[in-house]
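What follows is each chain in one-letter form.
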Amino acid sequence: AEQSNHIVEDKLVQLCVNVEQGTDMVISSDTLQKKFNQDNRIEQMRQKYILTCLINNLIKNSQNADIAILYHRSGNVITSNSIKLSQKKMEDLDAAMKNPEVSSGWLSMHPREYCIFSTEKNAVSYYKKITSIYSGEVIGIIQVDVSENAIAKCYEESPGTKVFIVDEKGQIISSSDKTKIYKQL
């Protein structure tokens, strides 16, 4: 059981590291920096296409991330790999963007509502502020969602074992018993 716990822990750490490193690659992109600092509409359309490609590659290469969204500091979505989602957690991102103490972090498990068919998926979100390389000011934020299903893949190879993954507040964010999600441990 101890060895199985270490394997699950290692997989969860790797999942988080992959998302964080992929996010770092996107926000350090010269195209992203220029997009957030320009007013030229034709150039913005070209760069939006490139940013959409970057976001799609982040999702494709991480194999764990479900959705990635780039927000301008105004709160407007610049681009996303999914047009089917609602923005329920924007208030959390807005608060994070205004907090000078925090540059990145993970938001707790939350339902991510997809507008199409009104379906929901449980997800945790990683966010990172985008700081202009030109002015040093915060110009946006990137959010990457990791679904509970991706987290569950880290421990699914341990059949018959009860697994509870909890956040810093003791709330269950993933479990082999899906009825326990969002409950306190």
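Above this text sits the structure in question.
Below: a short report on this structure. Residue positions are given per chain, counting from 1 as you read along its sequence in written order. Per-residue local features are limited, in this predicted model, to residues with pLDDT of at least 70; the limit for side-chain atom pairs, both in listing and counting, is 80 or more; totals at the level of whole chains, interfaces and linings are taken over all residues. Hydrogens and water molecules were not included; the side-chain quantities draw on all heavy atoms of the structure.

**So, the overall build of the protein chain**
Secondary structure elements follow DSSP: runs of H or I of four or more residues count as helices, runs of E of two or more count as strands, with numbering from the N terminus. Check the secondary structure of the protein chain and you find five helices and seven strands. In the protein chain, the succession of helices and strands from N to C terminus is α-α-α-β-β-α-β-β-β-α-β-β. Throughout this description, buried means an accessible area under 20% of the type-specific maximum (1.4 Å probe, protein chains only), exposed means over 50%, and partly exposed covers the range between. Going through the 185 residues of the protein chain one by one, you find that 44% of them count as buried. The contact definition used throughout considers only heavy atoms, calling two residues in contact when any of these lie within 4.5 Å. For the protein chain, the proportion of contacts with a sequence separation of at least 24, taken over those separated by at least 6, is 52%. For the protein chain, the computed accessible surface area is about 10400 Å², with 52% contributed by carbon and sulfur atoms. Areas reported as accessible are Shrake-Rupley estimates using a 1.4 Å probe. Residue values count occlusion only from the protein chains shown.

**Quick look at the environment of Asn-5**
Here Asn-5 is to be found in helix α1 (residues 2–27). As for Asn-5 and Val-163, which are separated by 158 residues in sequence, their C-alpha atoms are 9.3 Å apart.

**Section: the pattern of salt bridges**
What counts as a salt bridge is simple: a side-chain nitrogen of Lys or Arg found within 4 Å of a carboxyl oxygen of Asp or Glu. A full pass over the atoms with the stated rule returns two salt bridges. A salt bridge links Lys-128 to Asp-24, with the shortest nitrogen-to-oxygen separation between them at 2.5 Å. Here the residue Lys-128 occupies a position in strand β4 (residues 119–131), and Asp-24 occupies one in helix α1, the gap between them amounting to 104 residues. Look at Lys-128 and you get buried, because its relative accessible area is 19%. Looking at Asp-24, the relative accessible area reads 32%, which means it is partly exposed. Across the pair Lys-178 and Glu-148 runs a salt bridge whose closest N-O atoms are separated by 2.7 Å. Here Glu-148 lies in helix α5 (residues 148–152) and Lys-178 lies in the segment after β7 (172–175), a separation of 30 residues in the sequence. Looking at Lys-178, the relative accessible area reads 41%, which means it is partly exposed.

**A few points about unusual backbone geometry**
Residue Tyr-182 is not a glycine yet carries a positive backbone phi of 80°. Relative to the helices and strands, Tyr-182 resides in the segment after β7.

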